[in-house]
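Observations on the model geometry
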Amino acid sequence: MADRRATNRAMFWRIIRRLFGANRGRLFVMLLALGSGAAVTAALLNLQVDAKQRLTSEFRAFGANVIIAPPNISASAAGNQLLSESLMNKIPTEFEGRPILALPFLYLVAQASSDTSQTSIQAVLAGTDITHLPQIGAGWRFEPLVPAIGASAPKLLTSMSPTCAVGVRAAERLKAILGAQLTFDNAGKRASCDVVSVITSGGPEDNQIFTDMAIAQELASLSSRVSLILVSAEGTPGSIERFISTLAKSMPDADVHGIRQFTEGEAKIYNRISGLLTATVAIVLALTGLCVMAAMTNVAMERKNDVGLMKAIGGSVRRVLRLFLAEAALLGLAGGMIGGAAGIFLSIGLGKAVFGLAARPRLIVYPVAVALTIIVAILSAYPLRRLASIRPASVFRGEA
Amino acid sequence: MFLRIVADSFGRRPRHKLLTGAALALGMGVATAALSVSLDVGDRLAKEFRSLGANLLVTPQADSLPLEIGGVDYRPVNAGAYLPEADLPKLKTIFWHNNVIGFSPFLEVRVSSSTPRWSPASAIFVKSAADGDAVLIGTWSNHPVALPDGGKFITGSQQTSPWWRVEGSWFQDGAGECIVGKAFADRNGVIIGSPLYLATTSSDGLSLKVTGIFTSGGSEDNAVVTSLSIVQQYVGKPGQYRKLYVSALTKPEDNFARRDPKTMNAGEFERWSCSPYVSSIAYSIKKVLPGADVRVVRRVADGEGQILTRVRMLLWLVTGAALLAAALAVGASSAASVIERRTEIGLMKALGAGSGTVGFLLAAEQLLLAFVGGGAGYTIGIILARLLGEKIFGAVPEPSLIVFLVIIALATGVTLLGSAIPLRRASRYEPAPILRGE
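1. Description of the overall build of chain A
Secondary structure summary: chain A contains 13 helices and 13 strands in total. Evaluated residue by residue, chain A yields a buried proportion of 46% over its 400 residues. Contacts spanning at least 24 positions in sequence make up 80% of the contacts within chain A whose residues lie at least 6 apart.

2. Regarding the overall build of chain B
Regarding its fold elements, chain B presents twelve helices and 17 strands. Whereas a compact globule of 438 residues would reach a radius of gyration of roughly 22 Å, chain B reaches 33 Å, over 25% beyond that. Seen through its C-alpha atoms, chain B measures out along the principal axes to roughly 115 × 55 × 40 Å. A total of 438 residues make up chain B; the buried ones form 48% of that total.

3. Quick look at the nonpolar core
The tendency in soluble globular proteins is for nonpolar side chains to be buried as a group. Ranked by size, the top nonpolar core spans 219 residues in total, and within it L125(A), V284(A), L56(B) and V224(B) carry the most contacts. For this core, the element with the highest residue contribution is helix α8 (residues 298-339) of chain B, accounting for 18 residues. What L56(B) contacts, discounting residues up to four positions off in sequence, is V246(B), A248(B), V278(B), I281(B), A282(B), I285(B), V294(B), V296(B) and V297(B). Judged by nonpolar contacts, the second largest core, of five residues, contains I345(B), M348(B), L362(B) and L423(B).

4. Details of the interface of chain A and chain B
In this complex, chain A contributes 77 residues to the contact, which on the side of chain B involves 74 residues. Breaking the side of chain A that touches chain B down by element, the ones donating at least two residues are α2 (24-58), β4 (98-114), β5 (120-128), α5 (168-174), β13 (255-258), α8 (260-301) and α10 (317-355) of chain A. With 27 residues, the top contributor of residues to the side of chain A that touches chain B is α8(A).

5. Digging into the pairing of β13(A)
Residue and element names in this part refer to chain A. The side-chain alternation of β13 yields one buried face, formed by V256 and G258, and one unburied face, formed by D255 and H257. Note that strand β1 (residues 66-69) and β13 share four bridges and pair antiparallel. Looking at the pairing, I67 lines up with H257 of β13.

6. So, the environment of I434(B)
Relative to the helices and strands, I434(B) is located in helix α12 (residues 431-435). C-alpha separation for the pair I434(B) and T343(B), spaced 91 residues apart in sequence, amounts to 6.0 Å.

7. Focus on the domain arrangement of chain B
When its domains are assigned, chain B resolves into domain 1 (2-46 + 306-435) and domain 2 (63-244). On a C-alpha basis, the centroid separation for the pair domain 1 of chain B and domain 2 of chain B is 61 Å.

8. Digging into the confidence of the model for chain A
Residues and elements named next belong to chain A. The pLDDT averaged across chain A works out to 78; a share of 86% of its residues lies at or above 70. No element of chain A has a lower mean pLDDT than helix α4 (residues 155-158), at 47, and none a higher one than strand β10 (residues 208-212), at 88. Scored below 50 in pLDDT, residues 73-79 makes 25 contacts in the model with residues more than four places away or belonging to other chains.

9. Some details on the packing of α2(A) against helix α11 (residues 365-381) of chain A
Residue and element names in this part refer to chain A. Running from N to C, α2 and α11 point in directions that differ by 145°, and their axes come no closer than 9 Å. Two packed elements cross with a definite hand, and for α2 against α11 that hand is right-handed. Two secondary-structure elements touch here, α2 through L34, G37, A38, T41, A42, L45 and N46 and α11 through V365, Y366, V368, A369, L372, T373, V376 and A377. A per-class count over the contact of α2 with α11 returns eleven nonpolar, four polar and no charged.

10. Re the environment of P162(A)
Residue and element names in this part refer to chain A. Here P162 is to be found in the loop between α4 and β7 (163-167). Sequence-wise, P162 and V198 are 36 residues apart; in three dimensions their C-alpha atoms are separated by 15 Å. Apart from the residues within four sequence positions on either side, P162 is in contact with C193, T211, D212 and I215.

11. Considering α2(A)
The terminal C-alpha atoms of α2(A), which comprises 35 residues, lie 48 Å apart, in line with the 51 Å expected from a rise of 1.5 Å per residue. Residue A51(A) marks the point of greatest curvature in α2(A), where the axis turns by about 25°.

12. Quick look at the environment of I94(B)
All names here are of chain B. If you trace the backbone, I94 turns up in the loop between β4 (83-84) and β5 (100-114). In sequence terms I94 and D133 are 39 residues apart; their C-alpha atoms lie 40 Å from each other. For I94, the contacting residues outside a window of four places in its chain are S284, I285 and V288.

13. Points about the pairing of β4(A)
Residues and elements named next belong to chain A. Alignment of strand β3 (residues 94-95) against β4, held across two bridges, turns out to be antiparallel. When the sheet's bridge partners are listed, F95 is paired in β4 with R98. Sheet topology note: the β4/strand β12 (residues 228-233) ladder contains six bridges and is antiparallel. Across the sheet, residue F105 finds its bridge partner in β12, namely L228.

14. Quick notes on unusual backbone geometry
Residue and element names in this part refer to chain A. Unlike most non-glycine residues, S221 shows phi in positive territory, near 55°. Within the element layout of this structure, S221 appears in the loop between α6 (213-220) and β11 (225-226). By C-beta crowding, S221 is classed as partly exposed, having 13 other C-beta atoms within 10 Å.

15. Digging into the confidence of the model for chain B
Residues and elements named next belong to chain B. Scored by pLDDT, chain B comes out at a mean of 80, with 93% of its residues at no less than 70. Taken element by element, the predicted model of chain B shows its lowest mean pLDDT in α12 (73) and its highest in strand β16 (residues 243-248) (90). For this predicted complex, the interface confidence comes out at an ipTM of 0.70, alongside a pTM of 0.73.

Calculation rules
- Residues numbered from 1 in each chain as written.
- Chains lettered and ligands numbered in written order.
- Predicted model: local features only at pLDDT ≥ 70, side-chain atom pairs only at ≥ 80, totals over all residues.
- Helix = DSSP H or I, 4+ residues; strand = E, 2+ residues; numbered from the N terminus.
- Buried ≥ 20, exposed ≤ 12 C-beta atoms within 10 Å, placed from the backbone.
- Contact = placed C-beta atoms within 7 Å.
- Rg over C-alpha atoms; globule rule 2.2 N^0.38 Å.
- Core = buried A, V, L, I, M, F, W, Y, C linked by C-beta atoms within 7 Å.
- Pairing = 2+ DSSP bridges.
- Domains from an automatic or database assignment.
- pLDDT = per-residue confidence, 0-100.
- Axes fitted to C-alpha atoms, helices over the stretch in contact; angles between N-to-C directions.
- Left-handed = near helix turned anticlockwise from the far one by under 90°.
- Nonpolar A, V, L, I, M, F, W, Y, C, P; charged D, E, K, R; others polar.
- Expected span 1.5 Å × (residues − 1).
- Bend = angle between axes of the 7 residues up to and from the residue.

Next up, the structure:
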């Protein structure tokens with residue numbers, strides 16, 4: 001009994017092998033259809049997961065989206081209500097795995113003059129960390145760029161005197177050029193700095209002068225106080241909301257809120273784009289599956305002769321069907337494995353093309369793509385069920 | 001005879017042809033939907049990005065340096081320059097007037113607020129004060145602008161500041177109404193419907209009705225916002241404004257757009273000014289508003305451009321992947337349909353047909369299939385694209401002729417390519433072994 005079963009099984013596999021070997025062209029066509037379907041499935045699935053995450057990083061382009069201000073922003077004068085600089089320590093550098101960037105600002109109105117001209121004007125002086133300014137002030141143009149920390153500083157920065165970045169309109173008024181020395185006077189205090197960069201933002205920053213926090217605090221006689229803190233948080237709209245409420249809880253004596261212009265706009269756009277992406281990917285996947293199925297069904301239909309022969313020599317309908325389904329499943333497995341791997345490599349390349357960063361291959365995508373391909377392959381072999389009802393004799397007479 | 005064979009092939013095996021046709025139609029359907037959406041999405045998204053508000057800021061050129069901290073200008077009212085409101089209709093006469101979707105002028109004055117003990121219930125007094133604790137902003141809420149060509153363009157802060165969330169309703173332009181910021185309302189105990197008095201030194205002042213309380217997440221939360229004309233009267237600057245926000249639909253800037261227009265030659269300049277770059281729109285606005293300095297709000301414009309470029313690229317890639325998959329599946333399907341016809345080919349050759357004739361015949365069949373399948377696919381795709389567009393953007397993409405032509409060409413190319421390899425092999429068949437069944 002066991003012997004017969006073993007023989008049966010051996011025969012089963014032998015027939016399967018022969019089925020594959022019988023027609024190379026057909027095998028190739030089937031693998032091509034299944035493989036291409038699997039490749040697209042894997043590439044799109046992988047890219048879709050990745051693209052949404054990358055998209056949230058792209059919103060960094062809008063710069064700061066959260067602001068920490070004194071509880072009531074009714075400050076009647078610039079230095080009336082301030083925050084303690086120690087609040088900076090309460091801001092995490094990371095939230096839900098995404099980096100958080102925070103920058104304190106202290107504003108004061110000071111009399112400014114440049115050594116390149118005689119004019120002296122009132123201007124807003126902002127104390128901050130100008131090396132981090134380009135990250136918070138996304139979209140602002142810095143000429144030349146203030147080097148980030150760690151980068152080798154140009155000669156100007158290594159000089160002993162403090163540095164400042166000047167808004168383009170303030171620079172026009174002061175006739176300040178790169179390398180000029182600015183002097184500030186406020187309530188009997190005096191400080192100076194070297195211009196290392198000119199900022200064009202299109203906003204109020206064009207009228208301001210940015211310099212080191214220590215200088216501004218010294219000029220305003222306000223040590224370790226700041227006017228506000230700007231925070232740039234990245235993530236999905238939901239995660240930014242959570243970040244804001246967490247931060248608000250940890251700072252009961254400050255007003256933490258999203259810069260609505262950007263948080264709201266970002267949320268709206270993010271939802272649109274991710275909806276678009278999901279819908280496109282879903283439709284492409286569904287129709288790719290159907291396409292592959294149609295191609296496969298075509299191939300399956302021509303198996304009439306094989307079915308007729310098998311039935312003629314005594315194969316039961318169930319066994320014949322099992323044979324073809326096994327063949328389809330094996331083809332799906334092979335096509336899925338080859339195509340899935342190709343698709344993941346494809347998505348890495350595509351990710352690089354779109355976001356400049358290779359998409360991280362997600363292992364879960366691979367088995368999903370293979371499983372989907374096998375399902376499609378088996379479904380495509382399904383029309384053979386109808387063939388099981390044909391009569392062998394009529395097939396051989398060439399009637400059907 | 002030729003036609004008869006082709007017709008016979010379709011009539012004899014309708015199921016096979018139907019399946020190949022279905023694969024083609026589905027594949028081309030995907031391709032059409034993806035293409036239509038990709039072509040359309042740029043414009044739609046550009047509109048979405050307008051929810052970020054104005055991307056152009058107009059200020060007087062001769063202005064003194066604004067002392068602006070946290071969105072509040074600390075200069076006294078009489079310092080600095082102003083721009084005439086009468087020039088504003090000209091914004092809709094520039095070359096890119098259709099791209100200008102909204103603008104609103106702003107005039108601000110610092111005020112102090114107080115709630116005298118003897119005042120009627122929740123009434124609040126506001127008076128101009130250089131060291132005040134709040135700001136009175138005059139702007140348009142939904143203002144009809146009479147255009148030079150006789151038309152009307154309705155615009156205002158509701159378009160340029162769409163992120164303001166107003167509880168109650170916006171004020172009516174010129175109707176003695178105002179909306180107040182949340183922080184201001186909380187501090188002064190203002191509720192919707194409260195009266196608000198604008199105190200002047202000379203007369204009894206003006207009474208405004210609070211129609212809404214709004215949050216903006218910015219400095220406006222501590223402001224009273226009312227009609228531009230009321231504030232102009234109040235500060236004695238009739239017909240003038242200080243800041244103008246313009247919201248325009250733009251094309252993402254590329255390297256060419258960033259060049260200084262002064263360094264371009266005539267041809268380049270024409271190309272530059274005929275593209276709706278934010279900088280060229282700023283340039284044309286500057287030409288119609290004398291004395292104005294038009295600046296691009298870099299944060300909005302650059303962020304928008306960057307994301308738009310990325311998303312567009314992403315969609316093109318998805319489209320490309322869809323086209324590729326459709327092409328491969330269709331190619332596989334047409335290859336299968338040729339392979340299974342070995343016997344027929346053998347018979348035709350045995351009867352004296354040359355390889356060319358056989359190939360031509362089969363190619364004609366495939367082409368017919370491509371046209372029918374491609375056409376059906378285009379219809380499916382258009383329906384799909386409509387569904388997608390409606391669901392995501394609430395607007396349907398226009399069916400375009402280019403997409404149709406591309407789809408038909410693609411369908412033809414793909415079926416022919418898919419059939420080419422098996423056809424080439426078929427043309428080398430020796431009829432005898434095939435007919436013997438070997």
